[in-house]
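Coordinates in review
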Amino acid sequence: MTILFLFLALFLLMFIGVPVAASLGLAGSVTIILFSPDSVRSLAIKLFETSEHYTLLAIPFFLLAGSFMTTGGVARRLIDFANASVGHIRGGLAIGAVLACMLFAALSGSSPATVAAVGSIAIAGMVRSGYPQAFAAGIVTNAGTLGILIPPSVVMVVYAAATETSVGTLFMAGVVPGILLGLVLMVAIYIIAVKKNLPALPRASFREWLSAARKAVWGLLLMVIILGGIYSGMFTPTEAAAVAAVYSAFIALFVYKDMRITEAPKVILESAKLTIMLMFIIANAMLFAHVLTTEQIPQQITAMVLEAGLQPWMFLLVVNIVLLIAGAFMEPSAIILILAPILFPIAVQLGIDPIHLGIIMVVNMEIGLITPPVGLNLFVTSAVTGMPLSEVIKAAMPWLMILLGFLVLITYVPSISMGLPNLLGM
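Parameters and conventions
- Residues numbered from 1 in each chain as written.
- Predicted model: local features only at pLDDT ≥ 70, side-chain atom pairs only at ≥ 80, totals over all residues.
- Heavy atoms only, no water.
- Helix = DSSP H or I, 4+ residues; strand = E, 2+ residues; numbered from the N terminus.
- Rg over C-alpha atoms; globule rule 2.2 N^0.38 Å.
- Buried < 20%, exposed > 50% of the residue type's maximum accessible area, 1.4 Å probe, protein only.
- Contact = heavy atoms within 4.5 Å.
- Phe/Tyr/Trp six-rings, centres within 6.5 Å; stacked < 30°, edge-to-face > 60°.
- Patch = residues over 30% accessible without salt bridge, like charges linked within 9 Å, V, L, I, M, F, W, Y side chains within 5 Å.
- Areas by Shrake-Rupley, 256 points an atom, 1.4 Å probe, with all protein chains shown as cover.
- Salt bridge = Lys/Arg side-chain N within 4 Å of Asp/Glu carboxyl O.

Let's shift gears to the overall build of the protein. If you tally the helices and strands in the protein, you get 20 helices and 0 strands. At 22 Å, the protein has a C-alpha radius of gyration in line with the 22 Å of a compact globule built from 426 residues. For the protein, the spread of C-alpha atoms along the principal axes amounts to about 70 × 50 × 45 Å. The buried share of the protein, taken over its 426 residues, is 55%. Partitioning the contacts of the protein with sequence separation of at least 6, the portion at a separation of at least 24 is 80%.

Below, the structure is given as structure tokens:
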């Protein structure tokens with residue numbers, strides 16, 4: 001009865017238009033008030049406890065680093081470097097946009113930030129060079145999803161906090177899938193470019209390539225600092241996020257000098273607003289997850305699955321279907337916080353590695369970011385290009401098939417995710 005009420009309240013609130021974060025918090029709070037022996041005062045304590053998780057402290061720092069990188073001209077230099085590297089290939093500007101998304105993803109940890117940073121420059125550049133706007137928008141919308149798969153990733157940090165798994169191992173598990181998906185998108189672009197005879201840039205001379213690399217090196221160094229620092233044991237992922245924020249501010253203000261010091265408070269304020277919005281969702285989702293846990297729901301569902309004799313491959317198929325549906329309607333962090341505590345114990349009982357499950361969930365969240373009606377990347381691309389949302393959706397859908405095929409591959413070939421962590425003994 002308690003669980004029925006909890007989920008009915010959640011879906012009813014969302015159906016009448018209450019924001020997802022408020023729906024999660026209200027459903028959890030009312031359930032506690034009506035059915036739990038806990039006092040109402042415990043709600044405030046629970047909200048505070050759930051949101052003070054040390055791992056979650058990485059989120060505001062990664063968002064701040066992304067804001068400085070976006071505003072401080074790092075994205076433009078990464079795009080120039082990508083174009084100098086692959087622009088001479090048929091469809092090279094589009095391939096360069098994917099490469100730029102991969103590079104920026106390794107700095108920001110956020111998909112919408114990746115789309116905003118790369119899309120605002122790359123889409124206009126492709127259109128000027130003779131690419132159809134819909135083609136350019138579709139590529140960047142999909143390639144921008146790499147922001148949460150290539151480490152560092154805010155969504156991975158949330159999964160680690162929800163399941164008590166290692167952030168470092170999750171980051172390393174995302175490297176090969178992230179590179180693989182980027183390469184798959186590049187190959188698809190090349191095939192289409194050859195068929196449609198899309199333009200290519202003149203081949204950059206070695207001197208031009210070296211100049212572009214030299215200008216981009218400060219941004220590229222951040223990848224080395226974050227991942228090298230974590231895996232050398234120099235600092236934790238949370239400390240790495242703080243270092244990334246300070247480094248990106250220093251680069252934007254004193255090295256590239258694309259920002260004035262007077263502009264820094266505005267950047268900090270914007271990233272603070274984004275952090276507050278995300279942390280509000282996380283706090284309410286954790287309150288909801290707390291109700292699930294106190295009512296022993298994960299344990300009951302695990303027992304039912306084991307009694308039903310569900311095979312691991314069947315369970316993963318069900319997981320993907322549920323996550324794809326949820327991803328179309330909810331924000332990734334909220335989905336992870338609600339469903340990870342339920343799916344995690346079942347996966348462990350069925351012998352599925354929790355890190356592999358985490359990567360599967362992240363890839364599902366990638367697809368959710370480009371699935372209407374609530375796909376964040378679609379809205380960001382629409383804002384960046386001025387295209388109507390319906391046109392952006394139409395442009396993104398053909399590339400969605402590639403992501404769905406990639407999801408099947410990641411789900412049933414665990415060595416893609418687990419190969420690198422296992423090789424490093426993590």
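All chains considered together, the criterion is met by 8 aromatic pairs. Centre to centre, the rings of F250 and F254 are 5.6 Å apart; their planes meet at 45°, and the pair counts as tilted. Here F250 pairs with F254, and both are found in helix α12 (residues 237-255), just 4 residues apart, close to one helical turn. Residue F250 is classed as partly exposed on the basis of its relative accessible area of 43%. Classification of F254 by relative accessible area gives partly exposed; the value is 45%. Taken together, the ring pairs in this structure connect F7, F11 and F288 into an aromatic cluster.

On to unusual backbone geometry, then. Glycine aside, residues mostly have negative phi angles, and peptide bonds mostly take the trans form. The amide bond that connects P151 to the next residue, P152, takes the cis arrangement and shows omega of 0°. Position of P152 among the secondary structure elements: in the loop between α8 (133-143) and α9 (154-163). In this model, N197 sits at a positive phi of 55°, which is unusual for a non-glycine residue. Position of N197 among the secondary structure elements: in the loop between α10 (167-196) and α11 (206-231). The class for N197 is exposed, based on a relative accessible area of 55%. You will see that K257, though not glycine, has its phi angle at about 55°, which is positive. Looking at the element boundaries, K257 is found in the loop between α12 and α13 (264-294). Residue classification places K257 among the exposed residues on the basis of a relative accessible area of 62%.

This paragraph deals with a nonpolar patch on the surface. Taken together, the side chains of W313, M314, L317, I321, I325, F329, V374, V408, L409, Y412 and V413 present a nonpolar region at the surface, about 960 Å² in accessible area. The element best represented in the nonpolar patch is helix α15 (residues 312-327), accounting for 5 residues.

Within the secondary structure layout, V167 lies in helix α10. Of the residues examined, V167 reaches a relative accessible area of 8% and is grouped as buried. Each C-alpha atom of the pair V167 and I352 lies 18 Å from the other, and the pair is 185 residues apart in sequence. Apart from the residues within four sequence positions on either side, V167 is in contact with T55, V157, A160 and P237.

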